[in-house]
Amino acid sequence: KMKKKIYLYLCGGLGNQLFQYAAAKNLSLENNRDLYIDYGTGFWTDFRDFRKIELNKRKLKECKLKFIVIIYIIYRLFNKFFKYKKLIKIFFGYTIIDETNLNYFKKEIKKLDHLDDIYLIGYFQSEEYFKENKKNILKELKPNIPKDKIFKIMKKKMVQTNSVSLCIRMYEGMSDKARYKMGGLSTNEFYKRSINKILKKIKKPEFFVFSSKKENLTKILKNFPILKKYKINLITKDTGFSNAYDNIWLLSHCKNHIISNSTLYWWGAYFSAINYKNRIICCANNFHNIDTCLDDWKT
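Residues numbered from 1 in each chain as written. Predicted model: local features only at pLDDT ≥ 70, side-chain atom pairs only at ≥ 80, totals over all residues. Heavy atoms only, no water.

Some words on the sheet that holds strand S4 (residues 94-98)
- One open sheet accounts for five strands, arranged S2-S1-S5-S4-S3; its pairing is mixed. Edge positions in the open sheet fall to strand S2 (34-38) and strand S3 (88-91), since each of these has one partner strand only. The sheet shows a mean angle of 25° between the axes of neighbouring strands, taken without regard to direction.
- Pairing of S3 with S4, which is carried by four bridges, proceeds in the antiparallel orientation. The partner of isoleucine 90 across the bridge, within S4, is threonine 95.
- The sheet contacts of helix H1 (residues 14-30) involve strand S1 (5-9), S2 and strand S5 (118-121), and relative to S1 the element is tilted by about 175°. (Pairing = 2+ DSSP bridges. Helix = DSSP H or I, 4+ residues; strand = E, 2+ residues; numbered from the N terminus. Axes fitted to C-alpha atoms, helices over the stretch in contact; angles between N-to-C directions. Contact = heavy atoms within 4.5 Å.)

Structural notes on the nonpolar core
- Core analysis: the biggest nonpolar cluster contains 61 residues, and Trp266, Trp267 and Trp297 have the highest contact counts within it.
- With near-sequence residues (within four places) excluded, tryptophan 297 lies in contact with Ile259, Trp266, Ala269, Tyr270, Arg279, Ile281, Cys282 and Cys283. (Core = buried A, V, L, I, M, F, W, Y, C linked by side-chain atoms within 4.5 Å. Buried < 20%, exposed > 50% of the residue type's maximum accessible area, 1.4 Å probe, protein only.)

Details of the sheet that holds strand S6 (residues 162-167)
- Pairing is parallel in the open sheet, where five strands are placed in the order S8-S7-S6-S9-S10. Two strands lie at the open edges of the sheet, namely strand S8 (232-235) and strand S10 (281-283), each paired on one side alone. With direction set aside, neighbouring strand axes in the sheet form an average angle of 15°.
- For S6 and strand S7 (residues 205-210), the ladder comprises six bridges, and the chain directions are parallel. Along S7, the bridge assignment pairs cysteine 167 with phenylalanine 210.
- Strands S6, S7, strand S9 (256-259) and S10 of the sheet are contacted by helix H7 (residues 188-201), whose axis makes an angle of about 170° with S9.

Things to note about the pattern of salt bridges
- Evaluated as defined, the whole model comprises eight salt bridges.
- Lysine 25 is the partner of glutamate 140 in a salt bridge, and the nearest nitrogen-oxygen pair spans 4.0 Å. In this pair, glutamate 140 sits in helix H4 (residues 134-141) while lysine 25 sits in helix H1, placing the two residues 115 residues apart along the sequence.
- By relative accessible area, which is 23% here, lysine 25 ends up partly exposed.
- A salt bridge links glutamate 127 to lysine 134, with the nearest nitrogen and oxygen atoms 3.3 Å apart.
- When its relative accessible area of 15% is taken as the criterion, glutamate 127 is described as buried. (Salt bridge = Lys/Arg side-chain N within 4 Å of Asp/Glu carboxyl O.)

Some details on a positive patch on the surface
- On the surface, a cluster of positive charge is contributed by Arg76, Lys80, Lys83 and Lys85.
- Topologically, lysine 80 is positioned in helix H3 (residues 66-82). (Patch = residues over 30% accessible without salt bridge, like charges linked within 9 Å, V, L, I, M, F, W, Y side chains within 5 Å. Areas by Shrake-Rupley, 256 points an atom, 1.4 Å probe, with all protein chains shown as cover. Lys, Arg positive; Asp, Glu negative; His and termini not counted. Charge placed at Lys NZ, Arg CZ, Asp CG, Glu CD.)

Comments concerning H7
- Between its first and last C-alpha atoms H7 spans 20 Å; for 14 residues at 1.5 Å apiece the expected length is 20 Å, and the two agree.
- Among the residues of H7, those classed as buried are Phe190, Tyr191, Ser194, Ile195, Ile198 and Leu199. All buried residues of H7 lie within an arc of 160° about the axis, which places them on one face of the element.
- Elements in contact with the buried residues of H7: S6, S7, S9 and S10. (Expected span 1.5 Å × (residues − 1). Arc of directions from axis to C-beta.)

A short note on the side chain of asparagine 31
- Checked against the element boundaries, asparagine 31 lands in the loop between H1 and S2.
- For asparagine 31, a relative accessible area of 14% gives the class buried.
- Only 2.9 Å separates the side chain of asparagine 31 from the backbone oxygen of leucine 27, close enough to count as a polar contact.
- When neighbours within four sequence positions are excluded, asparagine 31 is seen to be in contact with Lys110, Leu112 and Asp113. (Polar contact = N/O pair within 3.5 Å; in protein donor to acceptor, adjacent residues only side chain to side chain.)

What about a nonpolar patch on the surface?
- A grouping of Ile70, Ile74, Phe78, Phe81, Phe82, Phe92 and Tyr94 is seen on the molecular surface, where their side chains present a nonpolar patch of about 740 Å² in accessible area.
- Counting residues per element, the nonpolar patch draws most heavily on H3, which supplies five residues.

Topic: the side chain of histidine 257
- With respect to the helices, strands and loops of the structure, histidine 257 is situated in strand S9.
- On the basis of relative accessibility, which here comes to 0%, the residue histidine 257 falls in the buried class.
- Polar side-chain contacts of histidine 257 include one of 2.7 Å to the side chain of serine 165.
- Polar contacts involving the side chain of histidine 257 include one to the main-chain carbonyl oxygen of leucine 251, which spans 3.5 Å.
- Residues in contact with histidine 257, not counting those within four places in the same chain, are Ser165, Leu251, Gly268, Ala269, Ser272, Ile280, Ile281 and Cys282.

Such coordinate-based values are descriptive only and should not be taken to indicate function.
Spelled out as structure tokens, the structure:
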């Protein structure tokens, strides 16, 4: 008897790709289904951010069935005009589970027994979607040691100090509408409250500030004059820290975290929580999904 299948539509940046893969892999294990990855369509049709596949392709079983891709493109066009709000849809005889309209964890997505082959679309930005097989999935997704020395040098600093990441997402190059969909910018109030919490609990912290542009960071840091008393390291694309997976690896070695609503930063803090048991993670409350931020990360 042939196993039923799950086809995963992969899209977005690395943080989203990790959530999507973790959810689909967990579903395939829990429901004894074969998992195939469509790692073409979501990137060919990304005319806004021009994202690329950043997961390790060698570990993925590619979905080469062209009809699935065609069905998705037709579905997307229909959806643009007719706005299908239902979670599970039968579209031209194919079963599509579309989580993109949800902003919370939906346990119904885990019950697939009654469904034939499914095409999975969404962001699945919650640990709840993969917690049953978390250990094995994280082993598979764990970032490799970077080749670039700059990351190894910064990691050494993190391990030797009371390191605190301050992760600031600025959404450069994104329209207001797109930014709003993602939850908008995290507020200065959130950063101030989190910094104060860290300073009360951590002796002699050293801050590692992550963002995309150094120029933007220097402007933002002026809002937090208290940080002038402490050592600060800037980690941005234009200071040589451009690889997304290597940034997650680096964050995983930082001992404490203040993270804005970026799934990339979420994964860095998540891997770090495995490395360090006694840690503080302050997580912004404006992620698109209200179940992204873990309970013990809430400020």
